[in-house]
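This is what each chain is made of:
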Amino acid sequence: MPVNTTLAQYSDYAFASAFAIYVLALVLSAFDFGGTSVRRRVAADAQARVVVAVGAPTSDAPGRISATDSIRPPSERAGRAAIAVTLVALTLNVAAIALRGMAAGRWPLGNLYEYALFLCAAIMACWLLAVRQYPIRNLTVFVLAPVVILLFIAAAAMYNEAAPVVPALRSYWIAIHVTIIVSACGILTFASTASLLHVIAVHGRDSARGPLAWFANRLPSAELLDRVAYRTTIVGFPLYTIGVMCGAIWAEAAWGRFWGWDPKETVSFIAWVLYAAYLHARATSGWGSLRASWINVAALATTLFNMFAINFVVSGLHSYAGLN
């Protein structure tokens, strides 16, 4: 099927727009994170000044706004704007993926560039769902920063023109296996990032002063970060397991064996073991949450190694990244 160059160009435009808006959201979220400590002091002072007399109207009365509700520092406004801007960028990110698939007439996960776009969309979708459940909006900068870096690398080193996939990937399994794996990696990347912040929060608050203490004082509580990481991993790990199983079934159909210890298969298995070990350690009373978080951080490092080192350096049966 010939490639629709017009749709491919629109996909590139959507990607460029999404990248620019992600950068804008990153700047806004950095301002939000920097003002977290100030907001906490302002909110505490306002709460101390509010005295509601018996029988006096409260903020529940029509047209009344309490003192705490009326105070919204610029950093908080920037944080709220960052979430709204991120939603726009995510929409353009998804549009870039969809348009590229329509242009090439195939599932848009045929090379590493498309993988990176899909992974970034999965991370941001997971984040937007998590921020609705937990009071962690000021952590947006730590989600956007790796996404912006990954998209920059995708444009600079991974980009390929929209084209049909190699014959080995012309299977319905690409839509099942790769989509599940990338979605799971997006969720688990966010979970591991929360574990990394949990480690920083624990160690930073033991420091009296210094950059680490400044950083940790702006993070949510260590308990909240640990809970977010654990609950998110509970969602991502079964999905990752299903993705690996689908990959084994596809491998048997394509290569005549379920498992061959290909470099990507091996590193993926190591990551799976680490995520399983994290869940086991987190649920075991003998292990503290801090030591369990270190395991989740190691799983993140393994996943990043699998994406970059394996695809850029090592050659194997999964060498379909589209890189020269």
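Above this note sits the structure.
For the structure given in this document, a descriptive report is provided here.

Conventions adopted
Residues numbered from 1 in each chain as written. Predicted model: local features only at pLDDT ≥ 70, side-chain atom pairs only at ≥ 80, totals over all residues. Heavy atoms only, no water. Core = buried A, V, L, I, M, F, W, Y, C linked by side-chain atoms within 4.5 Å. Buried < 20%, exposed > 50% of the residue type's maximum accessible area, 1.4 Å probe, protein only. Helix = DSSP H or I, 4+ residues; strand = E, 2+ residues; numbered from the N terminus. Contact = heavy atoms within 4.5 Å. Phe/Tyr/Trp six-rings, centres within 6.5 Å; stacked < 30°, edge-to-face > 60°. Lys NZ or Arg CZ within 6 Å of the ring centre and 35° of its normal.

## Focus on the nonpolar core
Grouped together as the largest cluster of nonpolar side chains are 79 residues, with contacts concentrated most on Y22, W127, I136 and L219. Listing elements by their share of this core, those giving two or more residues are α1 (5-34), α4 (74-104), α5 (112-133), α6 (140-158), α7 (173-204), α9 (222-255), α10 (263-283) and α11 (289-312). When residues of this core are assigned to their parent elements, the largest contribution, 16 residues, is made by α5. With residues near it in sequence (within four places) discarded, W127 still touches I83, I136, R137, L139, T140, V143 and F190. Counting residues in hydrophobic clusters, the runner-up holds five residues, among them A8, A103, A104 and A162.

## Notes on the packing of aromatic side chains
Any two aromatic rings considered together are summarised by their centre-to-centre distance and by the angle between their planes. Considering all chains together, one arrives at 15 aromatic pairs under this definition. Ring geometry for W261 against F269: centres 5.7 Å apart, planes inclined by 90°, an arrangement best described as edge-to-face. Using a relative accessible area of 53% as the deciding quantity, one classes W261 as exposed. Accessibility expressed as a relative area gives 36% for F269, which makes it partly exposed. Between F269 and W272, the aromatic rings sit 6.4 Å apart at their centres with planes inclined by 10°, giving stacked as the arrangement. Taken together, the residues F269 and W272, both in helix α10 and three residues apart, mark about one turn of the helix. We classify W272 as partly exposed; its relative accessible area is 28%. Against the face of Y230 rests R282, its NZ or CZ located 4.4 Å from the ring centre. Cation over ring: R291 sits above W287, and NZ or CZ is 4.7 Å from the ring centre.

Nothing here speaks to function; it is geometry throughout.
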